[in-house]
Structures are given as C-alpha cells and as structure tokens.
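As a plain string of letters, each chain reads:
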Amino acid sequence: MASQGTNNIFMRYVLAIVIAIIFTPKLSFAKQSKLIGLKMNMIDECWRPNPEWRRHRQQLATCSVGYVGKMTNNIGKDLIHYKVTDPNDDPINPEPGTLRYGASVIQGKVWITFQRDMQIRLMKSLLISSFTTIDGRGVNVHITDNACLMIFKATDIIIHSIRIHNCKAQAPGMVMGPNGKVISLGQVDGDAIRLVTASKIWIDHNTLYESEDGLLDVTRGSTNVTISNNWFREQDKVMLLGHDDGYVRDKNMKVTVVYNHFGPNCNQRMPRIRHGYAHVANNLYLGWVQYAIGGSMGPSLKSEANLFIAPNVGSKEVTWRKDGYKNVDKWEFYSVRDAFENGASFVVTKGGRVPKPNYSKEQGFKVVDVKSVRSLTKSSGAFKCSKTSIC
Ligand SMILES: *[C@@H]1O[C@H](CO)[C@@H](O)[C@H](O)[C@H]1NC(C)=O
Ligand SMILES: *[C@@H]1O[C@H](CO)[C@@H](O)[C@H](O)[C@H]1NC(C)=O
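Residues numbered from 1 in each chain as written. Chains lettered and ligands numbered in written order. Predicted model: local features only at pLDDT ≥ 70, side-chain atom pairs only at ≥ 80, totals over all residues. Heavy atoms only, no water.

### Section: the overall build of the protein chain
So, point 1. Summing up its helical and strand segments, the protein chain has five helices and 30 strands in all.
So, point 2. Going through the 391 residues of the protein chain one by one, you find that 57% of them count as buried.
So, point 3. Across the protein chain, the fraction of contacts at a sequence separation of at least 24, relative to all contacts at a separation of at least 6, is 64%.
So, point 4. Element-wise, carbon and sulfur atoms account for 55% of the exposed surface of the protein chain, whose accessible area totals about 17000 Å². (Helix = DSSP H or I, 4+ residues; strand = E, 2+ residues; numbered from the N terminus. Buried < 20%, exposed > 50% of the residue type's maximum accessible area, 1.4 Å probe, protein only. Contact = heavy atoms within 4.5 Å. Areas by Shrake-Rupley, 256 points an atom, 1.4 Å probe, with all protein chains shown as cover.)

### Thoughts on the site of ligand 1
So, point 1. Every residue close to ligand 1 is listed here: Ser199, Thr223, Asn224 and Gln363.
So, point 2. Between ligand 1 and Asn224, the relevant distance is 2.3 Å, taken from an oxygen atom to a side-chain nitrogen or oxygen of the residue.
So, point 3. Taking Gln363, its side chain carries an N or O atom lying 3.1 Å from an oxygen atom of ligand 1.
So, point 4. Considering ligand 1 on its own, with 360 Å² of exposed area, one finds that the protein chains cover 33% of that surface.
So, point 5. A class-by-class count of the residues in the shell around ligand 1 yields no nonpolar, four polar and no charged. (Near = heavy atom within 4 Å. Polar contact = N/O pair within 3.5 Å; in protein donor to acceptor, adjacent residues only side chain to side chain. Nonpolar A, V, L, I, M, F, W, Y, C, P; charged D, E, K, R; others polar.)

### With respect to the sheet that holds strand S24 (residues 284-286)
So, point 1. Ordered in space as S3-S6-S9-S14-S17-S20-S24-S27-S30, the nine strands form an open sheet in which the pairing is parallel. Because the sheet does not close on itself, it has two edges, and the strands there are strand S3 (118-120) and strand S30 (339-341). (Pairing = 2+ DSSP bridges.)

### A closer look at the packing of aromatic side chains
So, point 1. Per the counting criterion, the structure on display carries 14 aromatic pairs.
So, point 2. Between Phe232 and Phe262, the aromatic rings sit 5.2 Å apart at their centres with planes inclined by 10°, giving stacked as the arrangement. In this pair, Phe232 is assigned in strand S17 (residues 231-233) and Phe262 in strand S20 (residues 261-262), connecting sequence segments 30 residues apart.
So, point 3. For Phe262, a relative accessible area of 0% puts it in the buried group.
So, point 4. On the basis of an interplanar angle of 20° and a centroid distance of 4.7 Å, the ring pair of Phe262 and Tyr285 is categorised as stacked. Of this pair, Phe262 sits in strand S20 while Tyr285 sits in strand S24, and the two are 23 residues apart along the sequence. Per residue, the accessibility class of Phe262 equals that of Tyr285, and both read buried.
So, point 5. Members of the aromatic cluster, joined through ring pairs, are Phe232, Phe262, Tyr285, Trp288, Phe308, Phe340 and Phe346.
So, point 6. For the cation-ring pair, Arg233 lies above Tyr209, with the distance from its terminal atom to the ring centre recorded as 4.1 Å.
So, point 7. Between Arg233 and the ring centre of Trp231, over which it is positioned, the NZ or CZ distance is 4.5 Å. (Phe/Tyr/Trp six-rings, centres within 6.5 Å; stacked < 30°, edge-to-face > 60°. Lys NZ or Arg CZ within 6 Å of the ring centre and 35° of its normal.)

### A short note on the site of ligand 2
So, point 1. For ligand 2, the full set of nearby residues is Tyr67, Lys254, Tyr277, Lys356 and Asn358.
So, point 2. One of the backbone nitrogen or oxygen atoms of Lys356 is found 2.8 Å away from a nitrogen atom of ligand 2.
So, point 3. Here ligand 2, which alone exposes 360 Å², has 42% of that area covered by the protein.
So, point 4. Considered class by class, the residues forming the shell around ligand 2 number two nonpolar, one polar and two charged.

### Observations regarding the pairing of strand S8 (residues 155-160)
In regular strands, side chains alternate between the two faces of the sheet.
So, point 1. Taken across its six residues, S8 has five buried, putting it largely inside the fold.
So, point 2. Two strands pair when backbone bridges link them, and strand S5 (residues 132-135) and S8 are joined in this way by three bridges, in the parallel orientation. Its bridge partner lying in S8, Ile134 is registered against Ile159.
So, point 3. Pairing between S8 and strand S13 (residues 199-204): five bridges, direction parallel. Bridge pairing links Ile159 to Ile203 in S13.

Put into structure tokens, the structure is as follows:
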C-alpha cells in the first residue's frame, strides 16, 4: 500500500510537470524581456513581454499602479470591442467607425482600437465616456491640428499609446457629450488632455507636444489619477494639477506621476501643483527653462528618485513657489533619493514630515533606485511596434 501511495504521488507529480509544460508560454515573461535586451518598469513588465499581447489587450487594465489603482472596471464579460476605421469627425452626429462614436456615443465598457495608422483632426473636444479605453498600441495614431481630448465628469478611463499634439483653443459650441447626448460646451483652451471633475483616470505611454495651452491639465476636483510612461516635449506649460488658486476642492486631489520623460524643450509645470498632493517618482527631466516642479496654495509633493538634469543656461533650481521663498514652510516640497546633474538644485521644505502616499495594496509600487531611471523611461511615449514584433 505504501509503495502504491508513493507511486500515486509520483504520477501526480509527473502529470503536474506535463501540464505545466503544456500551459507555460515558450518563454517566461521575465526571460523574454531579458532576451530582447530591455529592462522594463513594473507597469510595462506586466504586459509587454507577452508576444500574444494583441490577443490579450485587456491584460493592460491590470497593470496600472499609483492612485488610479487597477482598471478592472474597464474589462469583463460585458466589454464592447470597438474599432476605429474612419479618421473623420463630426462633433454632433458622429458616424459609426469614427473615434467620437466609440468614445462618446457608445455607453458602458468600451475598448477602442484602431484599424490602421491614422491622423485624426477633431472638430471639437472629444468628450470621453466613463469606462472607455482608447488603445493605440500596434498602430500610429495622431490626434492633431485642432481640438483634442477632454474628460468631463467621467471615471474609469484609460488613454494609451496615442500621439496628441498641435492642439488649439476652441470657441464655444455644441458637441456630443460623454453621455451620448449633445451638450453645449464653453470656450476650451488648447490642451492636449484636460480632466474636469474626473476620477480614476490612467494616462499611460502617450506622446504629447506643441499645444496652445498645456499638455495635461487635471482640474476642478479631479482625483485618483496616474500619469505614467508618457513623453512630454516641446512645450511651455506641461502639466497642471489643480484648477486655480481659489478652487479649494482640489485639496483632495491625489495624482501619481511616474516613469515619464520630460523634455527636450519643456519650459515649466512638470507639474505645477495647487492645493492637492502629488507623488512624483522615477521620472527623467531633460532640462527646463523656468522650473520643473512648482506650485501654490500649500501643495504637497513627494519627489522621489527622479533624475533632474539642469539646463545648460537658465535656472538650475528644480522648484518654484508662487509667492517666492518667504513662506517656504507653507509648501510641503520634499525630495527623497532624487539625483541632480549639471548643477541642478532642489529647495525643500524645512522640518516637517515627508507626506507618504499611503497607497493601498493594489496602488502600491516599488520606487526603484534613481540609477535605473534612464533605462526605465527609455520606451516612454507612444509605442512603435511593428505588425509582428513585441512592443
Ligand atoms: C479615490 O480613491 C479612493 C480609494 O483609493 C476612494 O476611497 C475615493 O472615493 C476615490 N475618490 C473619488 C472621487 O472617486
Ligand atoms: C498619509 O497618512 C498620514 C498619516 O495619517 C498623513 O499625515 C498624510 O497626510 C497622508 N498622506 C496623504 C497624501 O494624504
């Protein structure tokens, strides 16, 4: 009996190995990423090494970290798959096949992909509905030369691998709202992406540049936002967190800014923070003109393991405070494990305690040593991936 028992256990063991061999992809993710010579950051490592990522696009929703948490509300059985086939735009009566039809008209969980490379010139701001994912991986999608993206009173949105640039201010007018009903929208500044009273928003791997106002504005009570792996360049005002000095609701704003690449030719606001809290970690700063990180109205900042490379000419100081340095203690600007090159400096708040992000388990991530920041931000921005290869 004893030997038979052992035999059984042995047979089970063999079976387990056979099953493991059958069901394991040819190479483990970690092995594959080593083979292609890339060191990936924690978000990318969650999906990029999978050679079958095109068939498993929704895996991305489980890869987010920081205040946005996981995007699992964006996937599931009731997900609608929508493919953009037509680059044209009608702001009031969008045709099926256009981006606006998928992003504003269709309600519920929608995962938007693109049939081919395309350049989309929006006639008015695109108001994205809750539970929408815009996934530009595998194609080259530009949103450019007129209106750009707005998230207005909506939640649970992913914007991934899109090039957004040359955005222009828009006069007031009628436009398809995020609830599939035409609304009247006031004057809009020329921002690439603007959040207005939005929450649980993940902006990952986009390339943003040369817009009339800013590249990414988080305003009017928006919170629970993660801005990761983006490439911001050629811009005066890069990123605004907090609407205006009088908008105290932004005190609750929480934003994670991680693995982004700023520059070349960015002037200021990377980010500019009002009222709320930002955890800015593992970003690469290739110079600035006025400053890199600034704020007003007692903002809190934990700047952690970023690489700040000062410009050759202009200010070497990373931070800026609206009222100068006389009320320095009102600003909670802390720098932890940051690295400074080319003479960069960082005026920190004296005394006090570094405000911890207090992430939950699914929001948390390991902030890596600043030595790895260059390599971990190397593939920031929208991806160039050929039809066959890995991204
Ligand atoms: C933000 O996320 C937290 C959980 O991390 C949640 O308690 C809070 O309600 C969220 N805020 C909004 C406005 O959705
Ligand atoms: C995290 O918790 C501590 C202790 O409660 C608090 O002082 C700090 O402000 C919190 N951080 C944020 C970003 O709210």
